[in-house]
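Chain residues, written in single-letter form:
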Amino acid sequence: MNIENLCEFGGIVHAADNTNLLELPSSYIENLFKDYHLLLFRGFDSLSKDEMVAFSERFGPLLKWDFGYVFDLQIQENPKNHIFREGRLELHWDGSYLGPEKTPKYSFFQCIEGNDFEGGETIFCDSINAFEDSDDEFKSKLKAANITYQTERKAHFGGTLSWPLVCPMTNDGRPVIRYMEAFNEDNEDINPIDVSVDGMDRLNSDAFLRELNAHLYKSKYLYQHRWTKGEFLMFNNNALLHGRNSFQSASDRRRIQRVHIL
Ligand SMILES: O=C(O)CCC(=O)C(=O)O
Ligand SMILES: [Fe+2]
């Protein structure tokens, strides 16, 4: 197998002779996750939904949502949640509203239709380095913050959640920033998320969250993935935050499927 670096925290796994992903030993992939937080698989056979489940199950139990194990994500006509619209998606971690026991360890994606033009890239933020890199004063502010999130459940997620901003990463204890991004202008009319820092008045809380947003969006922490049909991507949901750029075209046919592994 041939591995190439994709970004600071990601690698590309190239298939040898059209291998099926189900033929790759899960121990091989798990070992790669010691060095990378994100793996992009190129040149592999496409997988049916059942095969995506079979592949994912080898890494742990799967998270079952209202729609089952496989989330089908594409732009919808009259969506209930902004995830299905062309606006941008704020940085977040998956399964946030389900609490720590149901936070997926990995998210596994397959691209059914790509976006071979600008817009609609999935954004990944290296929240380990974003924490480690910050100066001492900002670090102590980050460590002291407990954040409350509130969003109405309109699709498969929502509710109220209170979470420390800095948490140990579950597999090696390194601190990460776990955060759902405040002030997404593209969700305000449909599915706004209220984000506040516990114990701070609104003015101070907003100022701190804006500073945090600016920090997380520094290009040195980001990788933006433009999808090509047939690619697979698997990432460590405890180590990275992710979001999505807005689409340039409302008729974009981009379609991705996702499975959550606990
Ligand atoms: O559309 C995307 O690129 C990301 C969607 C997302 O965050 C998810 O499916 O968990
Ligand atoms: Fe997500």
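Description of the structure in this document. Everything quoted here is computed from the prediction, not taken from an experiment. (Residues numbered from 1 in each chain as written. Chains lettered and ligands numbered in written order. Predicted model: local features only at pLDDT ≥ 70, side-chain atom pairs only at ≥ 80, totals over all residues.)

Quick look at the overall build of the chain now. Helix and strand content of the chain: five helices and 16 strands. Computed over C-alpha atoms, the radius of gyration of the chain comes to 18 Å, within 12% of the 18 Å expected from 2.2 N^0.38 for 262 residues, which places it in the range of a compact globule. Based on the C-alpha atoms only, the size of the chain along its principal axes is roughly 60 × 40 × 35 Å. Here the chain, with 262 residues, has 35% of them falling under the buried criterion. Here the contacts in the chain between residues at least 6 apart in sequence split such that 79% fall between residues at least 24 apart. (Helix = DSSP H or I, 4+ residues; strand = E, 2+ residues; numbered from the N terminus. Rg over C-alpha atoms; globule rule 2.2 N^0.38 Å. Buried ≥ 20, exposed ≤ 12 C-beta atoms within 10 Å, placed from the backbone. Contact = placed C-beta atoms within 7 Å.)

Attention shifts here to the site of ligand 1. Looking at ligand 1, the residues that line it are Phe71, Leu73, Leu89, Asp94, Ser107, Thr122, His242, Arg244 and Arg258. Broken down by secondary-structure element, the contributors of at least two residues to the shell around ligand 1 are strand S4 (71-74) and strand S15 (240-244). Here the residues of the shell around ligand 1 sort into three nonpolar, three polar and three charged. (Near = placed C-beta within 6 Å. Nonpolar A, V, L, I, M, F, W, Y, C, P; charged D, E, K, R; others polar.)

Quick look at the environment of glutamate 51 now. For glutamate 51, the location among the structural elements is in helix H2 (residues 49-57). Overall, glutamate 51 belongs to the partly exposed group, with 15 C-beta atoms counted inside 10 Å. For the pair glutamate 51 and leucine 21, spaced 30 residues apart in the sequence, the C-alpha separation amounts to 9.3 Å.

Moving on, we get to the nonpolar core. Leu38, Cys125 and Tyr179 are the most contacted members of the largest nonpolar core, which totals 55 residues. Residues within four places of tyrosine 179 in sequence aside, it is in contact with Leu91, Ile147, Leu165, Leu212 and Leu241. (Core = buried A, V, L, I, M, F, W, Y, C linked by C-beta atoms within 7 Å.)

Turning our attention to the sheet that holds strand S16 (residues 255-261). What the seven strands build is an open sheet, ordered S1-S2-S3-S14-S6-S16-S4; its pairing is mixed. Because the sheet does not close on itself, it has two edges, and the strands there are strand S1 (2-7) and S4. For this sheet, the mean angle separating the axes of adjacent strands, direction not counted, is 25°. Across four bridges, the pairing between S4 and S16 is antiparallel. In the strand pairing of S16, phenylalanine 71 is matched with arginine 258. In this fold H2 packs onto strand S6 (106-113) and S16, with an angle of close to 35° to the strand it touches most, S16. (Pairing = 2+ DSSP bridges. Axes fitted to C-alpha atoms, helices over the stretch in contact; angles between N-to-C directions.)

Okay, the sheet that holds strand S12 (residues 194-197) next. One open sheet holds the three strands; their spatial order is S9-S8-S12, and the pairing between them is antiparallel. Both outer strands of the open sheet, strand S9 (159-164) and S12, are each paired with one neighbouring strand and no more. In this sheet, neighbouring strand axes are inclined to one another by 15° on average, regardless of whether the strands run parallel or antiparallel.

Listed as buried for H2 are Met52, Phe55 and Ser56. End-on, the buried residues of H2 take up no more than an arc of 95°, which puts them together on one face. Along its buried surface, H2 packs onto S6 and S16. (Arc of directions from axis to C-beta.)

This paragraph deals with unusual backbone geometry. Positive phi outside glycine occurs at phenylalanine 183, with the angle close to 65°. Along the chain, the position of phenylalanine 183 falls in the loop between strand S11 (175-177) and S12. For phenylalanine 183, a count of 14 C-beta atoms within 10 Å puts it in the partly exposed group.

The next subject is the pairing of S6. In terms of burial, S6 is a largely internal element, six of the eight residues being buried. Across five bridges, the pairing between S6 and strand S14 (residues 232-236) is antiparallel. Bridge assignment links tyrosine 106 to a residue of S14, and that residue is asparagine 236. Pairing of S6 with S16 involves seven bridges; the strand directions are antiparallel. Residue pairing in the sheet places tyrosine 106 in a bridge with isoleucine 261 of S16.

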